[in-house]
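Spelled out from the first residue to the last, the chains are:
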Number of protein chains: 2
Amino acid sequence: MTTSGAAGVLASWRDDFPRWYQDVLEKAQLADNGPVRGTMVIRPYAYAIWERMQADVDARIKATGAENVYLPLFIPQSYLEREAEHVEGFSPELAVVTHAGGKELTEPVVVRPTSETVFGELMSKWVQSHRDLPMLLNQWSNVVRWELRPRLFLRTTEFLWQEGHTAHATAEDAAEYARRIHLEVYRDFLQNTLAIPVLVGVKSPRERFAGAVNTMTCEGMMGDGKALQLATSHELGQNFARAFDITYTDAAGTERICWTTSWGASTRMMGGLIMSHGDQAGLRVPPRIAPIQVVVIAVKDDERTVGAASAVVDELAEVGVRARLDARSTPGFGRRVVDWELKGVPVRIEVGPRDLDAQQATIARRDQPSKTVLPLDALRTAVPGILDAIQDELLEQGRRRLNANTVDVASIADAAAAAATGFARIPYATLGEHGEDQLAASAVTVRCLQTADGGVPVRDDELAELFAIVARSY
Amino acid sequence: MTTSGAAGVLASWRDDFPRWYQDVLEKAQLADNGPVRGTMVIRPYAYAIWERMQADVDARIKATGAENVYLPLFIPQSYLEREAEHVEGFSPELAVVTHAGGKELTEPVVVRPTSETVFGELMSKWVQSHRDLPMLLNQWSNVVRWELRPRLFLRTTEFLWQEGHTAHATAEDAAEYARRIHLEVYRDFLQNTLAIPVLVGVKSPRERFAGAVNTMTCEGMMGDGKALQLATSHELGQNFARAFDITYTDAAGTERICWTTSWGASTRMMGGLIMSHGDQAGLRVPPRIAPIQVVVIAVKDDERTVGAASAVVDELAEVGVRARLDARSTPGFGRRVVDWELKGVPVRIEVGPRDLDAQQATIARRDQPSKTVLPLDALRTAVPGILDAIQDELLEQGRRRLNANTVDVASIADAAAAAATGFARIPYATLGEHGEDQLAASAVTVRCLQTADGGVPVRDDELAELFAIVARSY
């Protein structure tokens, strides 16, 4: 989208998206492979974006009343045998510690693939009376699932995430809370902060999380038309509470089984950010999540130019803009511009001797090919508005791509064909479980089920009236 | 210190400090043992304190110019053989993953005891030119060191910490940076935010971190007179850079070896907070770190009382006070007071029907035995000042204890005797390495070396002029 000197730096976004993705990770200095296969090094620039994601999501989670805890990395192997479905879901993915303290352990311990079972044990202890409900807990941590085909941020052996686990007195309260998390935390964060338009719906019975009675999902469309699941929220009914004996005494003194939920989002969102907004020149970071919103480049490294560029940075900081000075003497101007484009900084302000003679600066928006010029004294009032406009434009571009590449189809064959380049929308009554099997053969899956107007279904029993969004996915 | 109904809830602070500590952890709902021996569950209230610690320390670290990264949990076993001294320091403490993905691994991987070796490998790659220096990196993560005698927060198999690793062009720059971290990040945070007075000095050659040429430490005195090391900062000279081949090309084109530092602090600070400020009624949390600074108790649960108490909470929130309403109908008032005292909330405001008749509220400071009364409309102006006074008073009480229990001695025998109840200060020339051996027999160690006026020594070669602080320690 930008006329950029970076065009040759990256593999073709259009022709070789997977390679382009790897190139962006390397050239924008986002992530590296760790020394153990499948693990990941998150470099400072990407980690700064992740920290902002974490802070935003965390504030939203806390606004729902949940509290954070920290549970141990190590889980006794016996815990994972507690809930049969759970074990089947994870056992090939487990990393197992057999030796510690210089000796072989009598019982091997597993590195958590999730803390679900430990939450179960603790909630069983902590929930006693109806006065303890709802119990709303969340954890930020690393988890490990051994990956045979790792891909940085998208599928790594170790990743960072949050997992929420809650217990409620009634099915209604659990359903309402899970929905609130899904819409007010995940959907709103993804759309309003990350500027990624998402389709929100429920998983089909086949794609549902093991043990869940309902799984909600946020699905984004990546630059290559494939889907990425960005967050999921589960109603677990009483299945989980029954397995872990999470019960409470109601006001009348009767012991009852709780209704639980769980929900999570991970560093995979970083992959989604890159693949949603990236273009041929590199990453494009939406202003609200950008650690650096504006880079001010001193075109020359003489005292006058650097002083003026530095003054612009200070002025912008005063109005709350995260601005960074680039007054490096090497590399040259062109190479520095390419670097900042690769990193996707939303606004670049160039200050050179000729600009200063005219008391102005040159403004380049990362989402637009052309540059504009503004008087120096107009920057502090103009830049915040420009950042808002970029935030809106990135979301709008995403919406346009999503709409342009989602087609309504009436047959399974048409759905499979459409999924080669984007999403297809098909009545679930036309598709059915049999249709899901057929699509699976060409690696196409139901990403979510929605109501006719694109809303999130409230109950499974409307299944025949729902529409399925099908796509290839990461 | 407080005249409290909680007196019988906890073991005696004076007579059985270790048991008192365990009781506080349980009764204030701070932490639990995890299912694998030596691991820890950090409960919501303690985790909220830890989050505030993290945010404060993180802001200070970033103010020095360092950036955060995230490195993998798993380290190839071969990495730890790279630096011989390193291996000897850690190998009995390592947890080793031998099976993953359902198979035995060809090379076992170690769960990081620190990320030092991975930082070494990465810095070797990332540092090329003098323009890349200083490289200032930090990581927040979990680490694992198998503990035979675990104690919650103080010594756990898994703990949370930050570890900083930096590379510099010169010895002077490395030394200056390590000192800045030690004083502006650790000392200032511990004293100004946690209200823990610390002795700051350097470790004796015997107590120094393996591979370091200088180790700075912050040592606090706990309620029982024992020392707790709360943070350490190391100058590693060129030892580490040589082992990991961290070199740079200087402006003249010559390849040079870097000078590195490392520094860390952990969830152990939570243990320090509890053992520094706790009393017979439970924890006492300094206002600056307190997730709840003020609890407003509705003495009765009728509408008028709850409404008035709730209005107080809102008013306090408006002036930036973290206030929490307690309008529970059960347990009774006395039990609720005991709960909040156990949790160490700095200020308790009691609002009852009689208070309301008089348009006033009752104020109880957690650091004082008596209560006072204030007009309702004076709270918003008075409470912030009361919180500041409590912050100062907790630091002052700590200072008094530290001073009262630190004695100057002139012989090794006197040092050992004094260390039974507190700290002893002895000229290092009198003590020497031989004296350190003698003291070690009674589990007394040199906590740090200081200059005659209590300052942090700048160089080792003044050793004979320094004073040693010796004590028993955690």
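Up top is the structure.
Here, residues in each chain are numbered from 1, in the same order as that chain's written sequence. A letter from A marks each chain and a number from 1 marks each ligand, given out in the order of writing. Local features in this predicted model are restricted to residues of pLDDT 70 or higher, and side-chain atom pairs are both shown and tallied only at a pLDDT of 80 or more, whereas totals for entire chains, interfaces and linings draw on every residue. Hydrogen atoms and water are omitted, and side-chain values are computed over all heavy atoms in the structure.

Enquirer: An account of the overall build of chain A is requested, with residue identities and associated values reported.
Expert: A tally of regular secondary structure across chain A gives 13 helices and 23 strands. Our radius of gyration looks at C-alpha atoms and nothing else; its globule reference is 2.2 Å times the residue count to the power 0.38. In terms of overall size, chain A behaves like a compact globule, its C-alpha atoms giving a radius of gyration of 25 Å where 474 residues would be expected to give roughly 23 Å. Its C-alpha atoms put chain A at 80 × 60 × 45 Å along the principal axes. Relative to its 474 residues, chain A shows a buried fraction of 59%. For chain A, restricting intrachain contacts to residue pairs at least 6 apart in sequence, the fraction spanning at least 24 positions comes to 68%. Summed over its atoms, the accessible surface of chain A is roughly 18,100 Å², and 48% of this surface lies on carbon and sulfur atoms. Numbering of helices and strands runs from the N terminus; a helix is a DSSP stretch of H or I covering at least four residues, while a strand is a stretch of E covering at least two. Exposure is judged per residue with a 1.4 Å probe applied to protein chains only, and the accessible area is read against the type maximum: over 50% gives exposed, under 20% gives buried, and values in between give partly exposed. Any two residues having at least one pair of non-hydrogen atoms within 4.5 Å are treated as being in contact. Computed by Shrake-Rupley with a 1.4 Å probe, the accessible areas treat only the displayed protein chains as cover when residues are assessed.

Enquirer: Which residues make up the side chain of A:Arg268, and what are the values?
Expert: Residue and element names in this part refer to chain A. Turning to its location among the elements, arginine 268 is positioned in helix H7 (residues 268–277). His residues and chain termini do not enter the charge count, which takes Lys and Arg as positive and Asp and Glu as negative. Between Lys or Arg on one side and Asp or Glu on the other, a salt bridge is scored when a side-chain nitrogen of the former is within 4 Å of a carboxyl oxygen of the latter. At 7.3 Å, glutamate 219 is the nearest oppositely charged side chain to arginine 268, a buried residue that forms no salt bridge. Setting aside anything within four residues of it in sequence, one finds arginine 268 in contact with Phe153, Leu154, Leu228, Gln229 and Tyr474.

Enquirer: I'd love a proper account of helix H5 (residues 171–193) of chain B, names of residues and values included.
Expert: Residues and elements named next belong to chain B. In this model, H5 (23 residues) spans 31 Å end to end at C-alpha, consistent with the 33 Å of a helix rising 1.5 Å per residue. Fitting axes to the seven residues that end at a residue and to the seven that start at it, the angle between those axes gives the bend at that residue. Residue arginine 187 marks the point of greatest curvature in H5, where the axis turns by about 30 degrees. Inspection of H5 places Ala174, Tyr177, Ala178, Ile181, His182, Leu183, Val185, Tyr186, Phe189, Leu190, Gln191 and Thr193 among the buried residues, and these make up the whole buried set. Two residues or fewer past H5, alanine 195 is found with a positive phi of approximately 60 degrees. In this scheme, a helix's expected span is set at 1.5 Å multiplied by one less than its residue total.

Enquirer: Go over the sheet that holds strand S6 (residues 103–111) of chain B with me, naming the residues and quoting the values.
Expert: Spatially, the six strands line up as an open sheet ordered S4(A)-S6(A)-S5(A)-S5(B)-S6(B)-S4(B), and their pairing is antiparallel. The sheet is open, and its two edges are formed by strand S4 (74–76) of chain A together with strand S4 (74–76) of chain B, each paired on a single side. Along the sheet, successive strands turn relative to each other by an average axial angle of 45 degrees, direction set aside. Whether two strands pair depends on DSSP finding at least two bridges between them. Pairing analysis gives five bridges linking strand S5 (residues 95–100) of chain A to strand S5 (residues 95–100) of chain B, with the strands arranged antiparallel. Along S5(B), the bridge assignment pairs A:Val96 with B:His99. Between N-to-C directions, angles span 0 to 180 degrees; the directions come from axes that are lines fitted to C-alpha atoms, helices contributing only their stretch in contact.

Enquirer: Explain the environment of A:Asn214 to me, and be specific about the residues and the numbers.
Expert: Relative to the assigned elements, A:Asn214 resides in strand S10 (residues 214–221). Residues A:Asn214 and A:Ala195, spaced 19 residues apart in sequence, show a C-alpha to C-alpha distance of 26 Å.

Enquirer: I'd love a proper account of the packing of aromatic side chains, names of residues and values included.
Expert: Residue and element names in this part refer to chain A. Aromatic pairing here means that ring centres of Phe, Tyr or Trp (its six-membered ring) are within 6.5 Å. Orientation follows from the plane angle: under 30 degrees is stacked, over 60 is edge-to-face, and everything else is tilted. Considering all chains together, one arrives at 14 aromatic pairs over all chains under this definition. Between the aromatic rings of phenylalanine 17 and tryptophan 20, the centroid separation amounts to 5.0 Å while the plane-to-plane angle is 20 degrees, which identifies the pairing as stacked. Here the residue phenylalanine 17 and the residue tryptophan 20 both occupy positions in helix H1 (residues 17–27), the gap between them amounting to three residues, near one helical turn. Relative accessible area serves as the criterion here: at 5%, phenylalanine 17 is assigned to the buried category. For tryptophan 20, a relative accessible area of 0% translates into the label buried.

Enquirer: Explain unusual backbone geometry residue by residue, including any values.
Expert: A negative phi angle characterises most non-glycine residues, just as the trans form characterises most peptide bonds. Look at the link from A:Thr330 to A:Pro331: it is a cis peptide, with omega at -5 degrees. With respect to the secondary-structure elements, A:Pro331 resides in the loop between strand S16 (323–326) and helix H9 (333–343). Between B:Leu133 and the following residue, B:Pro134, the backbone shows a cis peptide bond with an omega angle of -10 degrees. On the secondary structure map, B:Pro134 appears in the loop between helix H4 (116–126) and strand S7 (135–144). Phi at A:Ala195 is positive, roughly 60 degrees, even though this residue is not glycine. As for its position among the elements, A:Ala195 is in the loop between helix H5 (171–193) and strand S9 (198–202).

Enquirer: I'd love a proper account of H9(A), names of residues and values included.
Expert: Residues and elements named next belong to chain A. The element H9 is extensively covered by neighbouring structure, given that eight of its 11 residues are classed as buried. Looking at H9, one finds that the buried residues are Arg336, Val337, Val338, Asp339, Trp340, Glu341, Leu342 and Lys343. Contacts from the buried residues of H9 go to H1, helix H2 (44–63), strand S15 (294–298), S16 and strand S17 (347–351).

Enquirer: How would you explain the pattern of salt bridges if you had to name every residue and give the values?
Expert: For the structure shown, the criterion picks out 52 salt bridges over all chains. Residue B:Asp279 is joined to B:Arg366 by a salt bridge in which the shortest nitrogen-to-oxygen separation is 2.8 Å. Residue B:Asp279 is located in the loop between helix H7 (268–277) and strand S15 (294–298), and its partner B:Arg366 is located in the loop between strand S18 (360–365) and strand S19 (371–375); the two are separated by 87 residues in the primary sequence. Residues B:Asp279 and B:Arg366 agree in their burial class; the two are buried. Across the pair B:Glu350 and B:Arg348 runs a salt bridge, and its minimum N-O distance is 3.0 Å. Neither residue differs from the other here; B:Glu350 and B:Arg348 are each classed as buried. Through salt bridges with shared partners, a single ionic network connects A:Glu341, A:Arg348, A:Glu350 and A:Lys371.

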